[in-house]
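Architecture and fold: a report
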Amino acid sequence: MGDAVLLETRDPAVTGSEAVALLTLNRPEAKNALNLELRQALAEAAARLGGDGSVRAIVITGGPEVFAAGADIRLLAEKTAAEVKELALERYWKAMGELPQPVIAAVNGYALGGGCELALMADLLVAGESAQFGLPEVRLGIMPGAGGTQRLVRLAGKARALRLTLTGEIIDARTAEDWGLLSWRVEGDATAFALELAGKLAKGAPKAQRAIKSAILAGADLPIEGALAIERSLFQSLFDTADQKEGMAAFLEKRKPAFKGE
Ligand code: CO8
């Protein structure tokens, strides 16, 4: 994996749980621009974490200064359409999109282009006060290509999605919050908040969390009847889990549940 992405399991003293993984994009000299090495490292880290049942929540960050300044423009500058198709950049996002655990993006500084798209892929988006979001591809003569147009229009609506993508405007954390892109806007650094949040999520019931992610993500783009059927089926399936028995017993016995992911 090299050192393009740093993967750490967090100190339980910080998060309250050792089941939290922190992924840090680590190409500060290029503002974490997503070159192939960084994309590959991200994909490998995501695949590893997705298969590790002991990891219950994942934070992805670019560090305190910048989240990511987008696709590496040096990689794409001379490419033809056929060559970009051949690169199949979408394959590097696949493992990230399939993570069963809750994924939190902690954004400080710029999240632009592909960096913004990566942040929008997360389940929960935490922005620090320095965060800035944009899909400025139009200024380079291209357009977002990793879900940006589609995720943005679903989150913020047509008026704001077209405003951001046609003008290349960059918006601050407060505006991103107004537009519905964020789960939390925090004072100061986003990563500290995200790690604390991940520690809490890591104590939750993993199968219930996974079912909730599936229902919301798969259901959001379906007609309501089909979406409700998915919800109903996932809801019912949770009654065959040990964690449902534990969660309800703990409530009735007035104690904290100890979920095992079973
Ligand atoms: N690609 C390559 N290098 C970059 C990038 C980038 N996206 N962003 C910054 N860098 C490099 C700079 O070239 C510079 O390198 P050097 O020191 O060698 O000159 C270094 O990082 C520092 O950058 P700046 O000096 O520009 O730093 P500033 O603090 O002045 O500005 C900005 C920071 C505002 C982030 C500025 O660098 C910038 O505007 N970057 C480009 C942002 C952008 O246009 N992003 C969109 C890229 S296109 C895209 O993401 C398409 C996604 C499609 C994905 C498809 C997947 C399937």
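Let me sum up the structure you'll find in this document. None of these values were measured; they are calculated from a predicted model.

Analysis parameters
- Residues numbered from 1 in each chain as written.
- Predicted model: local features only at pLDDT ≥ 70, side-chain atom pairs only at ≥ 80, totals over all residues.
- Heavy atoms only, no water.
- Pairing = 2+ DSSP bridges.
- Helix = DSSP H or I, 4+ residues; strand = E, 2+ residues; numbered from the N terminus.
- Contact = heavy atoms within 4.5 Å.
- Axes fitted to C-alpha atoms, helices over the stretch in contact; angles between N-to-C directions.
- Core = buried A, V, L, I, M, F, W, Y, C linked by side-chain atoms within 4.5 Å.
- Buried < 20%, exposed > 50% of the residue type's maximum accessible area, 1.4 Å probe, protein only.
- Arc of directions from axis to C-beta.
- Near = heavy atom within 4 Å.
- Polar contact = N/O pair within 3.5 Å; in protein donor to acceptor, adjacent residues only side chain to side chain.
- Areas by Shrake-Rupley, 256 points an atom, 1.4 Å probe, with all protein chains shown as cover.
- Nonpolar A, V, L, I, M, F, W, Y, C, P; charged D, E, K, R; others polar.
- 1 Å grid on protein atoms, 1.4 Å probe; cavity = no way out; pocket = protein on both sides within 12 Å on 5 of 7 lines; lining within 4 Å.
- Points joined across faces, edges and corners; volume = space filled by probe spheres on them.
- Domains from an automatic or database assignment.

**So, the sheet that holds strand E2 (residues 20–25)**
Spatial ordering of the open sheet is given by E1-E2-E3-E4-E6-E9, a layout of six strands whose pairing is mixed. Edge positions in the open sheet fall to strand E1 (5–9) and strand E9 (184–185), since each of these has one partner strand only. Bridge analysis of strand E6 (residues 124–127) against E9 gives two bridges, and the strand direction is parallel. Opposite valine 126, over in E9, you have tryptophan 184 as the bridge partner. On the sheet, helix H2 (residues 36–50) packs against E1, E2 and strand E3 (57–61) and is oriented at approximately 25° with respect to E1.

**Structural notes on the nonpolar core**
By size, the foremost hydrophobic cluster in this structure holds 47 residues, and its most contacted members are Leu42, Ile60, Phe133 and Leu181. Broken down by element, the residue count for this core peaks at six residues, all from H2. Of all hydrophobic cores here, the second largest spans 15 residues; its members include Val20, Val59, Leu195 and Ala202.

**Some details on helix H13 (residues 242–252)**
Three or more residues of H13 are buried, namely Asp243, Gln244, Glu246 and Ala250. The buried residues of H13 occupy an angular sector of 165° when projected down its axis, which confines them to one face. A positive phi of about 55° marks lysine 254, the residue just after H13.

**Concerning the site of the ligand**
Near the ligand, the surroundings consist of 23 residues, among which Lys31, Ala69, Ala71, Ile73 and Gly114 are the closest. Take alanine 71: an N or O atom from its main chain is 2.8 Å from an oxygen atom of the ligand. Isolated, the ligand exposes 1100 Å² of accessible area, and the fraction of that covered by the protein chains is 65%. Mapped by element, the contributors of at least two residues to the shell around the ligand are helix H3 (73–76), strand E5 (110–112) and helix H6 (114–121). Within the shell around the ligand, the residues separate by chemical class into eleven nonpolar, four polar and eight charged.

**Section: the layout of surface pockets**
Each pocket or cavity is described by its volume, and for the largest pocket that value is around 1000 Å³. Looking at the largest pocket, it is lined by 36 residues, and the ones nearest its centre are Leu120, Met121, Ala122, Asp123 and Leu217. For the lining of the largest pocket, the leading source of residues is helix H11 (residues 206–219), giving five residues. Of the residues in the lining of the largest pocket, the class split is 22 nonpolar, seven polar and seven charged. Residue assignment places the lining of the largest pocket across two domains, with domain 1 (5–201) and domain 2 (206–252) each supplying three or more. In this structure, the second largest pocket occupies an estimated 710 Å³ of space. Residue lining of the second largest pocket: 27 residues in total, with Ala71, Leu76, Glu137, Ile142 and Met143 positioned closest to the centre. Only H3, helix H4 (81–87) and H6 provide two or more residues apiece to the lining of the second largest pocket. Looking at which element gives the most residues to the lining of the second largest pocket, the answer is H4, with three residues.

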